[in-house]
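Breakdown of the fold
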Amino acid sequence: MMRAVSSSGERSGIELIGVDVGGTKVLGVRVRVRDGSSAPEVLDTVELPSVAHGSEVLDVIVAAVQALADGASGAAGVGLGLAGFVDPSGVVRVAPNAAGLVDLDVALTVAERLGLDCVADNDANCVAVACHAALGPRVTDLVAVTLGTGIGGGIVVGGELVRGRRGWAGEPGHVVVDPDGPRCPCGQRGCWERYASGSALSASIRRAVDSGALDRAEVPTDTASDLLAAASRGVSAAEAVLGDFAAWVALGLAGLVALLDPDVVAVGGGVTAAGDGLLDAVRGQLVLRHGVVVGEDPPELVLAPGGPAAGAIGAAVLAGRRLGLLRVGA
Ligand SMILES: [Zn+2]
């Protein structure tokens, strides 16, 4: 278990626990949230390796919450961010990239085993909530997308998380961008996440290396960070792969911007470890390819505040809201 603890002299506000349940790791945070619009303060972080999803993952989640609760003066509630389409009761009903989570009542299990009030929502919805809390009241409309194994999304309109009829709103990763494209685990062909997720980028890098277009010595791993480093050195094949990926990301974002006209588009997920360079490339493609509706005056494009912990932070804030401990917008 990796654990980092930061201290704070400020004791006001309430303490909440958030856990982001990912495919490779379970990341938990304990945060303090004050009333009003200040950003959550991270007090404690716990990271555990994930396991094959299924009942075993419940033990990992409980262990993460337990570790954080042990250090708390009294956590007021727990929020869980889960990969998949989460219904209003907090149960994952469809999970193209995390099938083992389907139908597990994770929130109820954590609540019963630890005696803490617990809510669960989609992990990217949690990222959107974290972004909204961090950016403050100046931002009322935002879209968050997470580019990882797949693509997650969360939408805030008028300061409220948009959840939709079944709780499944904000899943742009499964908007079809090419009906003849590759099969997606969701059952469709050519979903956006087949082209613009972190795994799609890794696959593109691999293909470029395998075809001989890109020298493995220039891009030692199939990561956005190594690709951006090579592109910044002027490696033309790396620039081409990056440009193609950025164009696919921009294509999906352009649709969201045309639909919602948000103040901010926040991008999270594994590929953002590469930093602002990726966003610069995406911004360039938005301006270049997406006309007057989107490209002439694109919204602010930012890395999701909180970085890899954004989902866990947002889950904690969401718990505070759902449990009636924080007003919306706090
Ligand atoms: Zn799909």
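Residues numbered from 1 in each chain as written. Predicted model: local features only at pLDDT ≥ 70, side-chain atom pairs only at ≥ 80, totals over all residues.

Let us look at the domain arrangement of the chain. Along its sequence, the chain is organised into domain 1 (2-128 + 308-322) and domain 2 (137-304). One C-alpha centre belongs to domain 1, the other to domain 2, and the line joining them spans 25 Å. Listed by partner, the interface residues are 15 residues for domain 1 and 22 residues for domain 2. Looking at the side of domain 1 that touches domain 2 element by element, the count peaks at 5 residues for helix H3 (residues 123-135). Across the side of domain 1 that touches domain 2, the residue classes break down as 8 nonpolar, 5 polar and 2 charged. (Domains from an automatic or database assignment. Contact = placed C-beta atoms within 7 Å. Helix = DSSP H or I, 4+ residues; strand = E, 2+ residues; numbered from the N terminus. Nonpolar A, V, L, I, M, F, W, Y, C, P; charged D, E, K, R; others polar.)

Attention shifts here to helix H7 (residues 236-260). The end-to-end C-alpha distance of H7, which contains 25 residues, comes to 35 Å, matching closely the 36 Å that a straight helix rising 1.5 Å per residue would cover. Positive phi shows up at aspartate 261, right after H7, with a value of about 45°. (Expected span 1.5 Å × (residues − 1).)

This brings us to the environment of proline 49. Its location among the elements puts proline 49 in strand E4 (residues 41-49). A tally of 10 C-beta atoms within 10 Å means that proline 49 is categorised as exposed. The spacing of proline 49 and valine 26 is 23 residues in sequence and 6.1 Å in space, taken between C-alpha atoms. (Buried ≥ 20, exposed ≤ 12 C-beta atoms within 10 Å, placed from the backbone.)

Within the element layout of this structure, valine 282 appears in helix H8 (residues 276-289). Taking the C-beta count within 10 Å as the criterion, valine 282 has 26 such neighbours and is therefore assigned buried. A sequence separation of 66 residues divides valine 282 from arginine 216, and the C-alpha atoms of the two residues are 24 Å apart. Filtering out sequence-adjacent residues up to four positions away, valine 282 remains in contact with Ala246, Val249, Ala250, Leu253 and Leu301.

Turning next to the packing of H7 against H8. Where H7 contacts H8, the two axes come as close as 8 Å, and the packing angle between them is 65°. Remark: the crossing between H7 and H8 carries right-handed chirality. From H7, Leu242, Gly243, Ala246, Ala247, Val249, Ala250, Leu253 and Ala254 reach across to H8, where they touch Ala281, Val282, Gly284, Gln285, Leu286 and Arg289. Here the residues of the contact of H7 with H8 sort into 10 nonpolar, 3 polar and 1 charged. (Axes fitted to C-alpha atoms, helices over the stretch in contact; angles between N-to-C directions. Left-handed = near helix turned anticlockwise from the far one by under 90°.)

With that settled, the discussion passes to the nonpolar core. By size, the foremost hydrophobic cluster in this structure holds 105 residues, and its most contacted members are Leu80, Ala130 and Cys131. In terms of residues, this core owes the most to one element, H7, which gives 12 residues. Residues contacting leucine 80, with those up to four places away along its chain left out, are Val19, Val21, Ile61, Val106, Ala107, Val110, Cys118, Ala120 and Ala315. (Core = buried A, V, L, I, M, F, W, Y, C linked by C-beta atoms within 7 Å.)

Moving on to unusual backbone geometry. A positive phi angle, near 70°, is found at aspartate 103, a position not held by glycine. Summarising the element assignment, aspartate 103 is placed in the loop between strand E7 (92-94) and helix H2 (106-114). On the neighbour-count criterion, aspartate 103 (9 C-beta atoms within 10 Å) is exposed. Of note, aspartate 261 is a non-glycine position whose phi angle comes to about 45°, a positive value.

Our next topic: helix H1 (residues 55-70). The end-to-end C-alpha separation of H1 is 23 Å, in line with the 22 Å expected for 16 residues at 1.5 Å each. All of the buried residues in H1 are Val57, Ile61, Ala64, Val65 and Leu68. Relative to the axis of H1, the buried residues are bounded by an arc of 95° and lie together on one face. The exposed set on the far side of H1, more than 90 degrees from its buried face, consists of Ser55, Glu56 and Asp70. Tucked into the core, H1 has its buried residues touching strand E2 (14-21), strand E3 (25-33), E4, strand E5 (78-82) and H2. (Arc of directions from axis to C-beta.)

Turning our eyes to something else, we now look at the environment of alanine 319. Positionally, alanine 319 belongs in helix H10 (residues 310-322). Exposure remark for alanine 319: the 32 C-beta atoms within 10 Å place this residue in the buried category. In this structure the C-alpha to C-alpha distance between alanine 319 and glycine 79, which are 240 residues apart in sequence, comes to 4.7 Å. Other than its neighbours up to four places away in sequence, alanine 319 contacts Leu16, Gly18, Gly77, Val78, Gly79 and Val119.

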